Amino acid sequence: MAEINLTQLLPYGDTTNDGAVQLSFTLPVEPSAKAREAATQIVRNWGFFDVKIAHMSQIGIGYSFFVVMARSDKSIDYTRVEAPQLNLEKRDYKEIDKSILKDVKRPIRLVGACTGFDAHTVGLDAILNMKGFDGDIGLERYKGFKVVNMGSQIPTEELIDRAVKENADAILLSKVVSQKDIHIHDMRDLITKLKKRGLENRFLLVVGGPRVTHKLALELGYDAGFTIGSRPSDVANFLYEKMLAKLDKSPQNDKETKKSGKRKD
Ligand code: B12
């Protein structure tokens, strides 16, 4: 078996280090022999070799969809890659619920929404709704959380108003559409508007979505980012641990509270 060199990491397709990848994309031209050749040349232009069109089909009038197999020799040094990761103790629903009520002594108040033009509620519902996701029950079912799920297309200001009204501990934002980086724009919008109102330290800020990473979330000023495959219990563990940390630092928090109008409970 060929050895894997982590300082020159390459994709694995059929054999170790072959650099084989599968790409898919759409061209704004009708499918034809010329479109197939154009797709091949575009992929070669990107620096790939051994380019093979595995699939070409019409996708609406005037558009063709391609699946392409190709290879690359551009590696990266995996030993130098850095990516922040949430390292949470794995507790199940019952354990978290008991711990919240024992240690926090009241339910943790959450307000969640999809802001802006985004109408994709399935991800947020997977985390918040009773039935949960992938056999992992949602936060509404916990006694340790009081959940307000505002749904989709909520203006950022309304989300903040509701979080203030509910005296929320955390705001849970969902951003799914990422066309023209609208997810980043809307994530920034929340931070900017919280700052304008002097509320930047008042809430734990959690964001989730398929194109959200924990790294991106931290860079933009959030406490955590949850991506594809996240489970309600992951979020519950995070919120419980963060609330504990906040309670431990209560004298310090009191000072911040006075400065930023942060609640004192
Ligand atoms: C269902 C769906 C819709 C439904 C949404 C219904 C609804 N009530 O949500 C409808 C039909 C309305 C829709 C509309 C559109 N859609 Co749509 N849609 C999808 C689809 C097929 C599935 C999304 C989904 O439900 N995933 C399942 C959930 C469980 O996964 P998830 O969202 O990633 O959530 C998980 C994590 O990300 C995380 N998470 C998510 N949010 C949060 C929040 C918090 C706080 C936390 C902690 C975690 C968390 O936890 C979840 C569980 O693990 C995707 C394609 C796909 N296969 O993903 C396209 C997709 C998202 N849609 C897309 C598009 C383009 C659109 C439209 C613009 C199409 C159009 N031209 O009209 C419109 C936009 C409407 C709008 N105003 O937003 C694109 C987005 C592309 C991009 N680059 O952004 C996709 C990727 C399809 C595609 N390949 O082109 N869509």
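Residues numbered from 1 in each chain as written. Predicted model: local features only at pLDDT ≥ 70, side-chain atom pairs only at ≥ 80, totals over all residues. Heavy atoms only, no water.

No other protein atom reaches the cobalt atom of the ligand as a donor apart from His120 (NE2), found 2.2 Å away. Inspection of the secondary structure assignment puts His120 in the loop between strand 4 (108–114) and helix 3 (122–128). (Donors = N, O, S within 2.8 Å, 3.2 Å for Na, K, Ca; no water. Helix = DSSP H or I, 4+ residues; strand = E, 2+ residues; numbered from the N terminus.)

Counted according to the given criterion, the structure contains 16 salt bridges. The salt bridge involving Lys74 is made with Asp73; its shortest N-O contact spans 3.8 Å. The same class applies to Lys74 and to Asp73, which are both exposed. (Salt bridge = Lys/Arg side-chain N within 4 Å of Asp/Glu carboxyl O. Buried < 20%, exposed > 50% of the residue type's maximum accessible area, 1.4 Å probe, protein only.)

Let us now look at the pairing of strand 2 (residues 49–58). Two elements, strand 2 and strand 3 (residues 64–71), share 7 bridges in a ladder whose sense is antiparallel. Across the sheet, residue Ser57 finds its bridge partner in strand 3, namely Phe65. Hairpin connection, strand 2 to strand 3: the antiparallel pair is bridged by 5 residues, and Gly60 has positive phi, about 85°. (Pairing = 2+ DSSP bridges.)

In this section: the domain arrangement of the protein. Each assigned domain of the protein is listed with its residue range as follows: domain 1 (6–79) and domain 2 (93–260). Here the C-alpha centre of domain 2 lies 38 Å away from the C-alpha centre of domain 1. (Domains from an automatic or database assignment.)

Bringing the site of the ligand into the picture now. For the ligand, the set of nearby residues contains 29 residues, the closest of which are Ala119, His120, Thr121, Ser178 and Ser230. Backbone polar atom of Gln179 to an oxygen atom of the ligand: 3.3 Å apart, as the coordinates give it. Gly229 places a polar main-chain atom, nitrogen or oxygen, 3.3 Å from an oxygen atom of the ligand. If you list the elements that add at least two residues to the shell around the ligand, you get helix 3, strand 6 (170–174) and strand 7 (204–208). With 4 residues, helix 3 is the single largest residue contributor to the shell around the ligand. Residue classes in the shell around the ligand are distributed as 15 nonpolar, 12 polar and 2 charged. (Near = heavy atom within 4 Å. Polar contact = N/O pair within 3.5 Å; in protein donor to acceptor, adjacent residues only side chain to side chain. Nonpolar A, V, L, I, M, F, W, Y, C, P; charged D, E, K, R; others polar.)

Turning next to the environment of Ser178. Locating Ser178 in the fold gives a position in the loop between strand 6 and helix 5 (182–196). Separated by 60 residues in the primary sequence, Ser178 and Asp118 have C-alpha atoms spaced 9.3 Å apart. Apart from residues no more than four positions distant in its own chain, Ser178 is found in contact with His183 and Arg211. (Contact = heavy atoms within 4.5 Å.)

Okay, the sheet that holds strand 7 next. Think of a sheet as strands paired side by side through backbone hydrogen bonds, with each pair either parallel or antiparallel. An order of 5-4-6-7-8 is seen for the 5 strands of this open sheet, with the pairing classed as parallel. In the strand order of this sheet, the two ends are held by strand 5 (145–149) and strand 8 (224–226), each with one partner. Neighbouring strand axes in the sheet, compared pairwise and without regard to direction, differ in orientation by 20° on average. Across 5 bridges, strand 4 lies against strand 6 in parallel orientation. (Axes fitted to C-alpha atoms, helices over the stretch in contact; angles between N-to-C directions.)

Examined against the element boundaries, Ser230 turns out to sit in the loop between strand 8 and helix 7 (232–248). Judged by relative accessible area, Ser230 falls into the buried class, the value being 14%. Of note is the side chain of Ser230, whose polar atom sits 2.5 Å from the backbone oxygen of Thr227. Beyond its immediate chain neighbours, meaning those up to four positions away, Ser230 contacts Ile127 and Phe133.

Time to look at the sheet that holds strand 1 (residues 20–27). Taken in spatial order, the 3 strands make up an open sheet running 1-3-2, and their pairing is antiparallel. A strand with exactly one partner marks an edge of an open sheet, and here the two such strands are strand 1 and strand 2. For this sheet, the mean inter-axis angle between neighbouring strands, taken without regard to orientation, is 20°. Note: strand 1 against strand 3, 8 bridges, orientation antiparallel. Note on strand 3: the bridge partner recorded for Ala20 is Arg71. In the packing of helix 1 (residues 33–45) onto the sheet, contacts are made with strand 1, strand 2 and strand 3, and the angle to strand 2 comes to roughly 140°.

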